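Architecture at a glance
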Amino acid sequence: MNSRAVVQLQNAGVKLGSATVLTGIDLRIAPGERVALLGSNGSGKSTLLRLLQGLLPLASGQVHRDPNSRLAMLFQRPHLLRISALNNVTLGIWLDRSLGLSWRQARERAVQALQRVGLTAVAQQGGRQLSGGQQQRLALARAWARQPDVLLLDEPTASLDPYAKREVENLIAEFAQGEALTLIWASHNLGQVKRLASRVIYLEAGRVLADLPVDVFFNASALAEHSPQAHAFVQGEIS
Ligand SMILES: Nc1ncnc2c1ncn2[C@@H]1O[C@H](COP(=O)(O)OP(=O)(O)OP(=O)(O)O)[C@@H](O)[C@H]1O
Ligand SMILES: [Mg+2]
């Protein structure tokens, strides 16, 4: 494992309103890792992603982000504008001033990104008029086109039909394979986690109860030894 961390949390805690949502999180993520966040509803996965992306302040502890790493986040429901698919991506690229691209350059890159996710045919259609699967691919294109070092995804396939799920998952796998991309994503889909993750983090009530290589996590007896709670969760999801 590379000794450089793209992002690191030390004893991190987050409060939302009066509620303590994350507690004592210690996490170090190296370049190229594919980290799945698992845990039941309300366990803190989205909050952790938002914290990593820099969208939430810390109540305690520390966060370090590699200043040379670009982060892009994909929300569970894509935030698309009422403009064409192509302009949604172009704008996303153009607004990222760290890229320093002109509108024309941004547009060229957006055209390539749409091609990469198979949306060239609908480039001129309104972004919000696309199907759920297409919208998710569009949002993915917009994130990928910024050439992030770290891609944070919040249940990227949750609301999709089985076919679209697989399509979006395959795209994520391609992105993660071809480039030195660090992937951190929340998922309720154990099959997807098995297929894509190199490491699995299990959260319960805002705490990390297991942080293991994927093969150890999915070895029932090993997991039971590391974390009975994570083991019970996985058994519950399978049965
Ligand atoms: N704005 C807020 N104010 C107070 N509490 C909040 C706020 N947003 C989220 N929470 C609480 O924080 C906890 C963690 O929420 P979070 O959305 O991170 O969970 P999650 O693991 O992503 O759940 P899910 O699987 O349902 O997406 C929940 O108990 C939730 O009620
Ligand atoms: Mg969530």
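The following refers to the structure shown. Everything numeric in this text was worked out from a predicted model, so none of it was measured.

1. Here we look at helix α9 (residues 228–238)
Considered for burial, the residues of α9 that qualify are Ala230, Phe233 and Val234. One face of α9 carries all of its buried residues, which in axial projection span an arc of 95 degrees. Buried-residue contacts for α9 involve β3 (34–38), α6 (190–196), β8 (199–204), β9 (207–213), α7 (214–217) and α8 (220–226).

2. A few points about the sheet that holds strand β4 (residues 60–65)
Within the open sheet, the three strands sit side by side as β2-β1-β4. Their pairing is antiparallel. Pairing within the sheet leaves two strands with one partner each, and these edge strands are β2 (19–29) and β4. Neighbour-to-neighbour, the strand axes of the sheet open up by a mean angle of 25 degrees, direction not taken into account. Looking at chain direction, strand β1 (residues 7–16) and β4 are connected through five bridges and run antiparallel.

3. Comments concerning the nonpolar core
Soluble globular proteins tend to pack their nonpolar side chains together in the buried interior. Counting 53 residues, the largest nonpolar core has Val89, Leu140 and Phe217 as its most contacted members. Among the elements that take part in this core, helix α4 (residues 132–145) stands out by supplying seven residues, more than any other. Excluding anything up to four places from it in sequence, Val89 contacts Ala110, Ala113, Leu114, Leu138, Ala141, Arg142 and Ala145.

Each value, and the rule that gives it
- Residues numbered from 1 in each chain as written.
- Chains lettered and ligands numbered in written order.
- Predicted model: local features only at pLDDT ≥ 70, side-chain atom pairs only at ≥ 80, totals over all residues.
- Heavy atoms only, no water.
- Buried < 20%, exposed > 50% of the residue type's maximum accessible area, 1.4 Å probe, protein only.
- Helix = DSSP H or I, 4+ residues; strand = E, 2+ residues; numbered from the N terminus.
- Arc of directions from axis to C-beta.
- Contact = heavy atoms within 4.5 Å.
- Pairing = 2+ DSSP bridges.
- Axes fitted to C-alpha atoms, helices over the stretch in contact; angles between N-to-C directions.
- Core = buried A, V, L, I, M, F, W, Y, C linked by side-chain atoms within 4.5 Å.

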